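Listed below, chain by chain, are the residues.
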Amino acid sequence: MDEMMGRGREAGANQPRVLVVDDGITMRMFYRSVLEAAGFAVEEATNGVEGYERLLAQPFDLAIVDINMPKMDGYSLLRTIRNDPAVRMVPAVVISTEGGPKDVALAFEAGANFYLLKPVTPTELAEVARLIAGVPAR
Amino acid sequence: MALVKASGQATLPLPEPARDLATLLADLAAPEPSARRAAAHDLAAHPEAAMDLCDRLETEANPSVREVLFTALIHLQSSSVAVRLATLLRSDDVPLRNAAIEALQEMPDAIAPHLRDLLADDDNDVRIFAVNILAFLRHARAPEWLAEVVRSDPHINVCAAAVDGLAEVGGLEALADLEDLRRRFDGNAFMEFAVDAAMRRIRGE
Amino acid sequence: MMAAATIAHLKATSPVTTDEEFAKFCEFFYRKTGIQFKDGKKYFVERRITDRIEKTRSDSFRDYFTMVRFDESGEELQLLVNSMTVNETYFFREDYQFDALVGGILPEIARTKPRVTPIRIWSIPCSSGEEPYSIAISILERWDLADSWNIEISASDIDSKILHTARKGIFSERSVSRVSAQLRSKYFTTRLDGDFQICEALRESIDFSLVNVVDPLHTRRFREIDVIFCRNLLIYFDDIGRRETVEMFFDALRPGGYICLGHSESMSRMSSIFLPRKFKESIVYQKPLSAE
């Protein structure tokens, strides 16, 4: 995590916003820590239904999506997002424990922009997040 | 036009007589989802129908019917229901699998005796799902079993799921095992963070 | 014979129920109504049980409890339920939902529904009536298509006493504090005692009914509903109670119908079968159009 130190947080209205959707509490805390250090404002949701509600309520520059969650899984959330004109353009990165080719294909079919395998490293997460959210390089 | 009084209760049709078991079981396969939901709902009063409800889950594609089936099975919870639902942990149908996990979380005494086996399964995904069940299980021994996973499971994501579980339900007795886990996965930034976060939550910081 | 004062003192200081009795009572109450009491509520519940024990001149909690359980008329249970349910509401509470109703939900319903069918709205629990009357006034005042449709508003509650109050439609100044002077003069008459009564036309247009959501005999009468308002009821239920009630609402709604929950409630904790939708500033939940 040391490489994250020294990078300031971008404050103010132009701060990119990311929604983290994962049912694991320490996972959400980890994502928050990494993404805040990378300059994002972070909001959390604990399952796909809550994730979709948050996306409807406010604009986001990026969604981080887990697959296995109660109430609505990650694939279903992606399909729901892509079907809804109000939010279909939100870029989404899937981060999952399942890395088989079938799982990855399913994620892209459902509407993912990128796929990462758990556990992610902080650098991976920060760089992919900034890339997919379209945040300019520092 | 505008506001019109709805017809009162007195003018509505009398409720239909309760259907017998055979009719209800047949209605589980009715063409209309509303009929299947109604059958599943009413079958919650028939313990002898539990296996039929489990059978239906294997072919039912409609999400609202599935949900009612699971609700009925939560009512009818038993060891054999728990065993059948646990087989769904191996399913490729992601929503079905996740709904099975949620249903099993609602039947702690029924699933508890079977968790040992699931936690020793060869498939690490099955072990992760078993840990997910444990993490929200209202069972006095859940923290103990989660600590055992932390001590002995070789797979990082299974351990990570257990750390999450301990962050939710673990007590001070889990701290030593968590510290050992951090050492075991020394160098992994995520695990270091997760263990730290879990330990802080357990200590109430 | 003990002096009345001594008896009163004993009643005041000794616990009404043992832990086991309390647990059994809560279990019984939950089975009958779906309502669960959380730990902090013991004092609240025991006060009301004491009250009912006295009113029924029972000798003890055991006597009272036995009487309630075996009373075929269900009258005492109803009185007990009435005393347990908390009714604290006012006109246009959480008004952003009425904005969503007239500005988003009803226009969409009007676009997708055949004109000959009525628009059915169900307020449950309706409590003392503020919610269904607020719905009615909002529609009449703010939905431009109100006159083109037959709109049926049903209002239900488990508490018979509060339903009686709702039918009478008499409200305090506090309850109507968010109602503008213009709307007050249009829809209410001011009584000599300072209270406000909803005009007869509105009182007559709402169908009030006694409904216990866990009783299918009550709830299966509601079908083809377009909008359900169920605010701050489900918070009293446990997980399985919430699942079952949500499933019941799913069946009550026509495909494409909507349910509005309370401000701090979300389907994300309860069920996967509804689709979140946003209208104005509200998240509401829709039964999929393709669902049957």
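Bear in mind the structure is a predicted one, so any value in this text is a computation, not a measurement.

Of regular secondary structure, chain A possesses 5 helices and 5 strands. Of the regular secondary structure in chain A, the N- to C-terminal order runs β-α-β-α-β-α-β-α-β-α. When each of the 138 residues of chain A is scored for burial, the buried share is 51%.

Okay, the sheet that holds strand β5 (residues 196–198) of chain C next. Residues and elements named next belong to chain C. Spatially, 3 strands are ordered β3-β5-β4 in an open sheet, and the strand pairing comes out antiparallel. Taken across any chain shown, the strands that pair with only one partner, and hence form the sheet edges, are β3 (170–171) and β4 (188–190). In this sheet, β5 lies alongside β3 in antiparallel orientation, the contact comprising 2 bridges. Paired with F171 across the two strands is F196, which belongs to β5.

All names here are of chain B. Their axes nearest at 10 Å, the elements helix α4 (residues 63–75) and helix α6 (residues 94–105) cross at an angle of 25°. Taken together, the axes of α4 and α6 are roughly parallel relative to one another. As α4 packs across α6, the resulting crossing turns out to be right-handed. Taking contact as the criterion, the partners of P63, R66, F70, L73 and I74 in α4 are, on α6, P95, L96, A99 and A103. Residues belonging to the contact of α4 with α6 are distributed by class as follows: 8 nonpolar, no polar and 1 charged.

The next subject is the domain arrangement of chain C. All names here are of chain C. Annotation of chain C at the domain level lists domain 1 (4–84) and domain 2 (96–286). Centre-to-centre separation of domain 1 and domain 2, based on C-alpha positions: 31 Å. Listed as interface residues are 7 residues of domain 1 and, on the opposing side, 12 residues of domain 2. No other element matches helix α5 (residues 75–84), which puts 3 residues into the side of domain 1 that touches domain 2. Considering only residue class, the side of domain 1 that touches domain 2 consists of 2 nonpolar, 5 polar and no charged.

What follows concerns the interface of chain C and chain B. Taken together, the contacts link 32 residues of chain C with 21 residues of chain B. Mapped onto the side of chain C that touches chain B, the elements with two or more residues apiece are α7 (130–142), β2 (150–157), α10 (200–205), β6 (206–210) and α12 (239–252) of chain C. It is α12 of chain C that provides the largest number of residues to the side of chain C that touches chain B, a total of 7 residues. Grouping the amino acids of the side of chain C that touches chain B by side-chain chemistry returns 12 nonpolar, 7 polar and 13 charged. In this sheet, β2 of chain C lies alongside strand β1 (residues 2–3) of chain B in parallel orientation, the contact comprising 2 bridges. Looking across to β2 of chain C, one finds that L3 of chain B is bridged to I151 of chain C.

A large share of helix α3 (residues 74–83) of chain A lies buried, amounting to 7 of its 10 residues. Within α3 of chain A the residues assigned to the buried category are G74, Y75, S76, L77, L78, T80 and I81 of chain A. Looking at the buried side of α3 of chain A, the elements it contacts are β1 (17–21), α2 (48–57), β3 (62–65), β4 (92–96) and α4 (101–110) of chain A together with α6 of chain B.

Our next topic: the interface of chain C and chain A. Counting residues at the interface gives 7 residues for chain C and 9 residues for chain A. A breakdown of the residues in the side of chain C that touches chain A according to their chemical character gives 3 nonpolar, 3 polar and 1 charged.

Cut-off values and rules
Residues numbered from 1 in each chain as written. Chains lettered and ligands numbered in written order. Predicted model: local features only at pLDDT ≥ 70, side-chain atom pairs only at ≥ 80, totals over all residues. Helix = DSSP H or I, 4+ residues; strand = E, 2+ residues; numbered from the N terminus. Buried ≥ 20, exposed ≤ 12 C-beta atoms within 10 Å, placed from the backbone. Pairing = 2+ DSSP bridges. Axes fitted to C-alpha atoms, helices over the stretch in contact; angles between N-to-C directions. Parallel < 35°, antiparallel > 145°, perpendicular 65-115°, else oblique. Left-handed = near helix turned anticlockwise from the far one by under 90°. Contact = placed C-beta atoms within 7 Å. Nonpolar A, V, L, I, M, F, W, Y, C, P; charged D, E, K, R; others polar. Domains from an automatic or database assignment.

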